[in-house]
Amino acid sequence: MATMKTPVAATLAVMMTCGLAIADPTGTYDVEGMNPDNGRTYHGTVTVRRTGQTYSVVWDIAGSRYIGTGLGATIAGGQYTVGPASADNTTLSIGYVSGRTFGQAFYIQQPDGSWSGIWTYGGSKLVSTEEWYPR
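Small disclaimer: the values here were computed from a predicted structure and weren't measured.

What counts and how
- As a convention, each chain's residues are numbered from 1 in the sequence order in which they are written.
- Local features in this predicted model are restricted to residues whose pLDDT is 70 or higher, and side-chain atom pairs enter the listing and the counts only when it is 80 or higher, whereas totals over whole chains, interfaces and linings include all residues.
- In computing side-chain values, all of the structure's heavy atoms are included and hydrogens and water are not.
- Only DSSP runs of H or I with at least four residues qualify as helices, and only runs of E with at least two residues qualify as strands; both kinds are numbered from the N terminus onward.
- Per-residue accessibility, obtained with a 1.4 Å probe over protein chains only, is compared with the maximum for each type, and a residue is labelled buried under 20%, exposed over 50%, and partly exposed between these values.
- Here, residues are in contact when the closest pair of their heavy atoms is within 4.5 Å.
- Throughout, nonpolar core names a set of buried Ala, Val, Leu, Ile, Met, Phe, Trp, Tyr and Cys residues whose side chains join them through atoms within 4.5 Å.
- Here a Phe, Tyr or Trp ring, Trp counted by its six-membered ring, pairs with any other such ring whose centre lies within 6.5 Å, and the pair is stacked when the planes are under 30 degrees apart, edge-to-face when over 60, and tilted otherwise.
- In the sections that follow, a salt bridge refers to a side-chain nitrogen of Lys or Arg positioned within 4 Å of a carboxyl oxygen of Asp or Glu.

Enquirer: It is not clear to me how the overall build of the chain should be interpreted in this structure. Could you clarify?
Expert: Scanning the chain for helices and strands turns up one helix and nine strands. Reading the chain from its N end, one meets helices and strands in the order α-β-β-β-β-β-β-β-β-β. Burial analysis of the chain (135 residues in total) assigns 39% to the buried set. Considering only residue pairs separated by 6 or more positions, the chain has 48% of its internal contacts joining residues 24 or more positions apart.

Enquirer: What is the right way to look at the nonpolar core in this model?
Expert: Inside soluble globular proteins, nonpolar side chains tend to come together where they are buried. Membership of the largest hydrophobic core comes to 18 residues, with the highest contact counts inside it found for Val31, Val46, Val57, Trp59, Ile94, Tyr107 and Trp132. Contributing elements (two or more residues each) for this core: strand S1 (27–34), strand S2 (41–51), strand S3 (54–61), strand S6 (91–98), strand S7 (101–109) and strand S8 (115–121). It is S3 that provides the largest number of residues to this core, a total of four residues. The contacts of Trp59, once residues within four sequence positions are left out, are Val31, Thr45, Val46, Ser64, Arg65, Tyr66, Gly68, Ile94, Tyr96, Tyr107, Glu130 and Trp132.

Enquirer: Is there a simple way to think about the environment of Val57 in this case?
Expert: Take Val57: it is sitting in strand S3. The class of Val57 is buried, set by a relative accessible area of 1%. Spatially, the C-alpha atom of Val57 lies 6.9 Å from that of Val46, the residues being 11 residues apart in sequence.

Enquirer: Just to check I follow, could you spell out the packing of aromatic side chains for this structure?
Expert: For any pair of aromatic rings, the description rests on two quantities: the centre-to-centre distance and the angle between the ring planes. Tallying each qualifying case throughout the model produces six aromatic pairs. Here the aromatic cluster, defined as three or more aromatic residues joined through ring pairs, consists of Tyr29, Trp59, Tyr96, Tyr107, Trp115 and Trp132.

Enquirer: Please explain the pattern of salt bridges as it appears in this structure.
Expert: A side chain with one charge may pair with a side chain of the opposite charge, provided their charged atoms come close. Using the criterion set out here, one finds three salt bridges in the structure. Notably, a salt bridge pairs Arg135 with Asp30, separated by 2.9 Å at the nearest N-O pair. Here Arg135 is found in the segment after strand S9 (128–134), whereas its partner Asp30 is found in strand S1, with 105 residues between them in sequence. Residue Asp30 is classed as partly exposed on the basis of its relative accessible area of 32%.

Enquirer: Hey, could you run me through the environment of Ser124 in this one?
Expert: Within the secondary structure, Ser124 is located in the loop between S8 and S9. When the C-alpha atoms of Ser124 and Asp37 are compared, they prove to be 9.1 Å apart, with 87 residues separating the residues in sequence.

Worth remembering: the numbers are spatial, not functional.
Written out as C-alpha coordinates, the structure reads:
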(Lines give C-alpha, C1' and ligand atoms only; values in the text may rest on other atoms or scores of the structure.)
Protein backbone atom coordinates (compact mmCIF):
# COMPACT_ATOMS: atom_id res chain seq x y z
CA MET A 1 0.00 0.00 0.00
CA ALA A 2 1.71 3.11 -1.18
CA THR A 3 -1.26 5.46 -1.40
CA MET A 4 -4.54 5.86 0.35
CA LYS A 5 -7.62 4.52 -1.42
CA THR A 6 -9.41 7.84 -1.12
CA PRO A 7 -7.78 11.17 -0.29
CA VAL A 8 -8.58 12.14 3.29
CA ALA A 9 -10.05 15.53 2.35
CA ALA A 10 -12.36 13.99 -0.26
CA THR A 11 -13.49 11.29 2.15
CA LEU A 12 -14.18 13.87 4.83
CA ALA A 13 -16.26 15.93 2.40
CA VAL A 14 -18.28 12.90 1.27
CA MET A 15 -18.91 11.76 4.83
CA MET A 16 -19.99 15.25 5.91
CA THR A 17 -22.30 15.62 2.94
CA CYS A 18 -23.84 12.17 3.00
CA GLY A 19 -23.69 11.44 6.71
CA LEU A 20 -22.03 8.09 6.02
CA ALA A 21 -21.16 6.13 9.11
CA ILE A 22 -20.51 2.44 9.44
CA ALA A 23 -19.50 3.11 13.04
CA ASP A 24 -17.71 1.39 15.88
CA PRO A 25 -13.96 1.44 15.34
CA THR A 26 -13.37 -1.34 17.87
CA GLY A 27 -12.00 -4.62 16.56
CA THR A 28 -8.94 -6.17 14.99
CA TYR A 29 -7.69 -5.07 11.59
CA ASP A 30 -5.04 -6.09 9.09
CA VAL A 31 -2.65 -3.17 8.59
CA GLU A 32 -0.77 -2.06 5.48
CA GLY A 33 1.43 0.99 5.61
CA MET A 34 4.53 2.67 4.34
CA ASN A 35 7.61 3.69 6.31
CA PRO A 36 8.20 7.40 5.61
CA ASP A 37 11.97 7.11 6.03
CA ASN A 38 12.67 4.40 3.45
CA GLY A 39 9.42 3.99 1.47
CA ARG A 40 9.14 0.30 2.35
CA THR A 41 5.73 -1.20 2.99
CA TYR A 42 4.88 -3.04 6.18
CA HIS A 43 2.07 -5.35 7.26
CA GLY A 44 0.67 -6.39 10.61
CA THR A 45 -2.40 -6.08 12.78
CA VAL A 46 -3.94 -3.39 14.93
CA THR A 47 -6.47 -3.88 17.71
CA VAL A 48 -8.75 -1.07 18.86
CA ARG A 49 -10.61 -1.31 22.18
CA ARG A 50 -12.76 1.26 23.94
CA THR A 51 -11.32 1.91 27.40
CA GLY A 52 -13.70 4.27 29.11
CA GLN A 53 -13.74 7.58 27.24
CA THR A 54 -10.69 6.76 25.10
CA TYR A 55 -9.40 3.97 22.89
CA SER A 56 -6.53 1.58 23.47
CA VAL A 57 -4.77 0.98 20.14
CA VAL A 58 -2.12 -1.73 19.79
CA TRP A 59 -0.19 -2.34 16.57
CA ASP A 60 1.77 -5.59 16.08
CA ILE A 61 4.12 -5.12 13.13
CA ALA A 62 7.17 -7.22 12.22
CA GLY A 63 7.67 -8.46 15.79
CA SER A 64 7.32 -4.99 17.35
CA ARG A 65 4.43 -3.67 19.40
CA TYR A 66 3.33 -0.04 19.39
CA ILE A 67 0.90 1.19 22.06
CA GLY A 68 -1.42 4.15 21.54
CA THR A 69 -4.28 6.05 23.13
CA GLY A 70 -6.98 7.40 20.86
CA LEU A 71 -9.74 9.97 20.80
CA GLY A 72 -12.75 9.65 18.55
CA ALA A 73 -15.12 11.96 16.73
CA THR A 74 -18.16 11.50 14.52
CA ILE A 75 -19.01 13.09 11.21
CA ALA A 76 -22.68 12.72 10.37
CA GLY A 77 -25.32 14.85 8.72
CA GLY A 78 -22.87 17.64 8.05
CA GLN A 79 -21.96 17.86 11.73
CA TYR A 80 -18.63 17.04 13.39
CA THR A 81 -19.06 15.89 17.00
CA VAL A 82 -16.26 15.30 19.49
CA GLY A 83 -16.65 13.68 22.88
CA PRO A 84 -16.00 10.46 24.74
CA ALA A 85 -15.25 7.32 22.71
CA SER A 86 -18.43 5.86 21.25
CA ALA A 87 -19.63 3.26 18.78
CA ASP A 88 -20.56 6.12 16.43
CA ASN A 89 -16.98 7.38 15.97
CA THR A 90 -15.91 7.65 12.33
CA THR A 91 -12.58 9.39 12.92
CA LEU A 92 -9.73 8.55 15.29
CA SER A 93 -6.79 10.64 16.48
CA ILE A 94 -4.11 8.54 18.16
CA GLY A 95 -0.94 9.32 20.06
CA TYR A 96 1.47 6.39 20.36
CA VAL A 97 4.82 5.36 21.82
CA SER A 98 7.57 3.79 19.73
CA GLY A 99 10.75 3.00 21.63
CA ARG A 100 12.09 6.28 22.98
CA THR A 101 9.98 8.47 20.73
CA PHE A 102 6.30 9.20 20.21
CA GLY A 103 4.04 9.68 17.25
CA GLN A 104 0.59 10.68 16.16
CA ALA A 105 -1.86 9.30 13.66
CA PHE A 106 -5.23 10.29 12.22
CA TYR A 107 -7.74 7.91 10.57
CA ILE A 108 -11.08 8.28 8.79
CA GLN A 109 -13.47 5.38 8.33
CA GLN A 110 -14.19 4.55 4.68
CA PRO A 111 -17.59 3.50 3.27
CA ASP A 112 -16.40 -0.14 3.04
CA GLY A 113 -15.53 -0.27 6.78
CA SER A 114 -11.77 0.11 6.32
CA TRP A 115 -9.84 3.03 7.82
CA SER A 116 -7.45 5.33 5.92
CA GLY A 117 -4.95 7.39 7.79
CA ILE A 118 -1.74 9.33 7.99
CA TRP A 119 0.93 9.17 10.68
CA THR A 120 4.26 10.60 11.76
CA TYR A 121 6.65 10.26 14.66
CA GLY A 122 8.24 12.81 16.99
CA GLY A 123 10.78 15.05 15.29
CA SER A 124 10.01 13.83 11.78
CA LYS A 125 9.33 16.18 8.89
CA LEU A 126 7.59 13.40 6.96
CA VAL A 127 4.15 11.77 7.03
CA SER A 128 3.06 8.44 5.62
CA THR A 129 -0.11 6.48 5.01
CA GLU A 130 -1.67 3.47 6.65
CA GLU A 131 -4.78 1.42 5.89
CA TRP A 132 -6.74 -0.80 8.29
CA TYR A 133 -8.89 -3.62 6.89
CA PRO A 134 -11.47 -5.41 9.10
CA ARG A 135 -10.57 -9.04 9.79
